[in-house]
Amino acid sequence: MKIHEISGKTGHSRILVGKVMDDAAMYLPEECPLVIITDDTVRHYYEGRFPKASTVISIGTGEKIKTLDTVAMIYERLVSLQADRSVFLLGIGGGIVCDITGFVASTYLRGVRFGYMATTLLAQVDAGVGGKTGVNFMGYKNMVGTFNQPELVFCDPRFFQTLPEEELSCGFAEIVKHAAIADAMYFETLEHFSMKEQVRDPDVMEPIVYRSVLIKAAIVNRDEREKGERRKLNFGHTLGHALEKTAGLRHGQAVSIGMMSAARLSMEKNLLSAEDVLRLSVLLESLHLPTRADMDVPAVIDALGRDKKREGDMIYFVLMNGIGDALIEKIRLDLLEKILTEQ
Ligand code: NAD
Ligand code: ZN
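Residues numbered from 1 in each chain as written. Chains lettered and ligands numbered in written order. Predicted model: local features only at pLDDT ≥ 70, side-chain atom pairs only at ≥ 80, totals over all residues. Heavy atoms only, no water.

Visitor: What exactly am I supposed to notice about the sheet that holds strand β10 (residues 310–311) here?
Guide: In a beta sheet, neighbouring strands are held together by backbone hydrogen bonds and run either parallel or antiparallel to one another. Spatially, 3 strands are ordered β10-β11-β12 in an open sheet, and the strand pairing comes out antiparallel. In the strand order of this sheet, the two ends are held by β10 and β12 (326–332), each with one partner. Relative to strand β11 (residues 314–320), helix α11 (residues 251–268) is tilted by about 90°, and along the sheet it contacts β11 and β12. (Pairing = 2+ DSSP bridges. Helix = DSSP H or I, 4+ residues; strand = E, 2+ residues; numbered from the N terminus. Contact = heavy atoms within 4.5 Å. Axes fitted to C-alpha atoms, helices over the stretch in contact; angles between N-to-C directions.)

In structure tokens:
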């Protein structure tokens, strides 16, 4: 097992990666009553292995429950339990459970101690790291939230044994993103990875999760509140979000296509070779991720026009500068339209 520590202005976080799900109690503060927040599916599979808690609160599943109503339901349960400032909230689940637990913990009694046991690949390499919490509001994703670091994050790759393959692929979209923007050697390691044979092998997945945690944590540490470098983590996401809205794709699938378009744009700007664009698409396909989609280009451009990263007819865009490096540039929307039409 490996431990990585993040220490920033919004708190201090210990991330434990390895076979830790049965030993979590050893790391949790002994003096605090424990309340677990989880979802129905995770509870069904893993309740027998949860650390001993005073209460387990289930929140259903799906993006539709990531709302202030669910937050209010949890506050009510905490109040009826007479939970005071000494409570420790542990979210056991995917990104949805983590984001909600973090938000409740940031606001209940003006803030209580909290941590996550991340059970999806996406939550282990992305949602659990970095200290962003939140819920959706009026149909807008993550509209209301806080920056607050979970004290502890447990990432056990044995959770992937029950995770549907599509969820694994979506997690890999973020992993490829980390390699593409920050670590050429990691990219090469992933090129030798076999989704079919290795994704459910905890000994293979542990170093992959750890490497991604390190990359995300390092970027976040340098830019906790997303003023500069953290924006590199939006690689594939500007277009990805527009595709999620217009083409009804899953987040990871949309990001995969977004990364491909950003790579083609990087080639157009002589930052990336045709060979490297091909390497990215072969890698994404090997992880069962789409690299192109039938897109309604005017609708996508329209959605991009509404993006908060837009300035006039330009938009801030993350480009690859070779494999393992990224830079942020202002791009003309009409150039983007050209790339999307040609793909
Ligand atoms: P999720 O939490 O909905 O989990 C996906 C599905 O897998 C759910 O149905 C869940 O019940 C099930 N599941 C979870 N663990 C399982 C396991 N071990 N075995 C079997 N099934 C399991 O989705 P997600 O992809 O983990 O997270 C998506 C959310 O994360 C989004 O709401 C997104 O906004 C958020 N997010 C937040 C950040 C951040 O920085 N805070 C970053 C990225 C994503
Ligand atoms: Zn993402």
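Back to the text.
Visitor: Any chance you could explain the nonpolar core here in plain terms?
Guide: Inside soluble globular proteins, nonpolar side chains tend to come together where they are buried. One finds L89, I100, L121, F172, L280 and L304 to be the most contacted residues of the largest nonpolar core, which totals 97 residues. When residues of this core are sorted by domain, at least three fall in each of domain 1 (2–161) and domain 2 (165–342). When neighbours within four sequence positions are excluded, L121 is seen to be in contact with F160, L163, L168, G171, F172, I175, M205 and V209. Counting 19 residues, the second largest nonpolar core, distinct from the first, contains L16, V42, Y46 and F50. (Core = buried A, V, L, I, M, F, W, Y, C linked by side-chain atoms within 4.5 Å. Buried < 20%, exposed > 50% of the residue type's maximum accessible area, 1.4 Å probe, protein only. Domains from an automatic or database assignment.)

Visitor: For this particular structure, what's the right way to read the coordination of the zinc ion (ligand 2)?
Guide: Angles at a metal have ideal values that depend on geometry: 109.5 degrees with four tetrahedral donors, 90 or 180 degrees with six octahedral donors. Protein-derived coordination of the zinc ion (ligand 2) comes from E174 (OE), H237 (NE2) and H251 (NE2), at a distance range of 2.0 to 2.1 Å. Sequence spacing among the residues donating to the zinc ion (ligand 2) works out to E-x62-H-x13-H. One end of the pair, H237, is in helix α10 (residues 237–247); the other, H251, is in helix α11, and 14 residues separate them in sequence. Accessibility expressed as a relative area gives 6% for H237, which makes it buried. (Donors = N, O, S within 2.8 Å, 3.2 Å for Na, K, Ca; no water.)

Visitor: Can you help me understand the pairing of strand β2 (residues 11–17) in this one?
Guide: Each regular strand shows side chains that alternate between the opposite faces of the sheet. With 7 bridges connecting them, strand β1 (residues 2–8) and β2 associate as antiparallel partners. Bridge assignment links K2 to a residue of β2, and that residue is V17. Here β1 folds back onto β2 in antiparallel fashion, the turn holding 2 residues. Pairing of β2 with strand β9 (residues 152–155) involves 4 bridges; the strand directions are parallel. Within the sheet, the bridge partner assigned to L16 lies in β9 and is F154.

Visitor: What's the story with empty space enclosed by the protein in this structure? I'm lost.
Guide: Where empty space is left becomes clear once a probe the size of a water molecule has been rolled over the atoms. Per the stated rule, a full pass over the model turns up 1 cavity of 30 Å³ or more. Estimated volume of the largest cavity: approximately 40 Å³. For the largest cavity, the full set of lining residues is R231, N234, K309, Y316, F317, V318 and I328. Considered class by class, the residues forming the lining of the largest cavity number 4 nonpolar, 1 polar and 2 charged. (1 Å grid on protein atoms, 1.4 Å probe; cavity = no way out; pocket = protein on both sides within 12 Å on 5 of 7 lines; lining within 4 Å. Points joined across faces, edges and corners; volume = space filled by probe spheres on them. Nonpolar A, V, L, I, M, F, W, Y, C, P; charged D, E, K, R; others polar.)

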